[in-house]
Amino acid sequence: VSALGNDLSRVLYTPEEVQDRIAALAAQVDEDYAGKDVLLVGVLNGAVMIMADLSRALSIHCRMDWMAISSYGSGTKSSGVVRILKDLSTDIAGMHVLVVEDIVDTGLTLSYLISNLRSRNPASLEVLTAFRKPEALKMPVEVRYVGFDIPSEFVVGYGLDYDQRYRNLTGVATLAPHVYS
Ligand code: PRP
Ligand code: MN
Ligand code: MG
């Protein structure tokens, strides 16, 4: 853990706290989707950890599929224009779809994704996210299940990356200043 641990400044949530919260979310999903067949749609790459843990904490049947999306043009996410790099393998018409994200930040990614998926006529469409930054929200997105609301600062771990690293931290923390310099 040391190579990773040395780069951290402040722990926001320990691995145990994350897992406890995921278990509680899974219990809610179990209840809400009882008797239904749910399709979990993970948004690559950040959602890999939450998908793996959430799905294994569920008692109901679920299917899993994945989308990869990328911000278009300038590379800044604030344009709100999103491009599909990998689409679903599933026709979601008539299905109960639960989009699974690691974080909702500005909400631009999700608002694009929701309108895109809605046009495919799922039976229902909801969102679950491990983390959300309420202060950063630019687009109104309805998120049914939120693991943790966090302050608008740069955090890594549990799927959240800095330059594609730190996703494999089992907890969530802020980065030490030396990492940026
Ligand atoms: C991150 C995160 C969400 C999105 C949230 O993904 O995983 O998908 O940004 O930001 P937003 O609410 O401001 O749109 P990113 O595009 O960094 O790709 P990644 O999942 O591969 O890290
Ligand atoms: Mn992502
Ligand atoms: Mg990222």
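Because the structure is a prediction, the values reported are computed rather than measured. (Residues numbered from 1 in each chain as written. Chains lettered and ligands numbered in written order. Predicted model: local features only at pLDDT ≥ 70, side-chain atom pairs only at ≥ 80, totals over all residues.)

**Student:** Please set out the overall build of the protein chain residue by residue, giving values where relevant.
**Tutor:** Tallying secondary structure elements over the protein chain gives 5 helices and 9 strands in all. Seen in sequence order, the protein chain has helices and strands lined up from the N terminus as α-β-α-β-α-β-β-β-α-β-β-β-β-α. What you see for the protein chain is a C-alpha radius of gyration of 16 Å, in line with the 16 Å of a compact globule of 181 residues. Its C-alpha atoms give the protein chain principal-axis dimensions of about 50 × 40 × 25 Å. Considering the protein chain as a whole, with its 181 residues, one finds that 30% of them fall into the buried category. (Helix = DSSP H or I, 4+ residues; strand = E, 2+ residues; numbered from the N terminus. Rg over C-alpha atoms; globule rule 2.2 N^0.38 Å. Buried ≥ 20, exposed ≤ 12 C-beta atoms within 10 Å, placed from the backbone.)

**Student:** Just give me the short version of unusual backbone geometry, but keep the residues and values in it.
**Tutor:** Between Leu44 and Asn45 the backbone carries a cis peptide bond, its omega angle lying at 0°. One can find Asn45 in the loop between strand E2 (38-44) and helix H3 (48-57). With a phi close to 50°, Asp163 is a non-glycine residue in the positive phi region. Examined against the element boundaries, Asp163 turns out to sit in the loop between strand E8 (155-156) and strand E9 (172-175). Accessibility expressed as a C-beta count within 10 Å gives 8 for Asp163, which makes it exposed. Its identity is not glycine, yet Tyr166 carries a phi of approximately 75°, on the positive side.

**Student:** Requested: an account of the environment of Ala123, with residues and values cited.
**Tutor:** Among the secondary structure elements, Ala123 is positioned in the loop between helix H4 (108-118) and strand E6 (124-132). Sequence separation between Ala123 and Val97 is 26 residues, and the spatial gap between their C-alpha atoms is 7.6 Å. Filtering out sequence-adjacent residues up to four positions away, Ala123 remains in contact with Gly94, Met95 and His96. (Contact = placed C-beta atoms within 7 Å.)

**Student:** Go over the sheet that holds E2, please, and point to the residues and values.
**Tutor:** Within a sheet, neighbouring strands are paired by backbone hydrogen bonds and run either parallel or antiparallel to one another. The mixed open sheet is built from 6 strands, whose spatial order is E4-E3-E2-E5-E6-E7. Of all strands in the sheet, those bounded by a partner on one side alone are strand E4 (82-86) and strand E7 (145-149). The sheet shows a mean angle of 30° between the axes of neighbouring strands, direction not considered. In terms of strand pairing, E2 meets strand E5 (residues 96-104) through 5 bridges, oriented parallel. Of the residues in E5, the one forming a bridge with Leu40 is Leu98. Here helix H2 (residues 15-32) sits on the sheet in contact with E6 and E7, set at roughly 160° to E7. (Pairing = 2+ DSSP bridges. Axes fitted to C-alpha atoms, helices over the stretch in contact; angles between N-to-C directions.)

**Student:** Describe the site of ligand 1, with residues and values.
**Tutor:** Taken together, 15 residues sit near ligand 1, with Asn45, Gly46, Asp105, Thr106 and Thr109 positioned nearest. For the shell around ligand 1, the secondary-structure elements that each account for two or more residues are E5 and H4. Per element, the largest residue contribution to the shell around ligand 1 is 4 residues, and it comes from E5. The class makeup of the residues in the shell around ligand 1 is 5 nonpolar, 5 polar and 5 charged. (Near = placed C-beta within 6 Å. Nonpolar A, V, L, I, M, F, W, Y, C, P; charged D, E, K, R; others polar.)

**Student:** How would you sum up the nonpolar core? Please name residues and give values.
**Tutor:** Counting 43 residues, the largest nonpolar core has Ile50, Leu54, Leu98, Val99, Val100, Tyr158 and Val172 as its most contacted members. Sorting elements by how many residues they give to this core places E5 first, with 6 residues. Beyond its immediate chain neighbours, meaning those up to four positions away, Ile50 contacts Val100, Asp102, Ala130 and Gly159. (Core = buried A, V, L, I, M, F, W, Y, C linked by C-beta atoms within 7 Å.)

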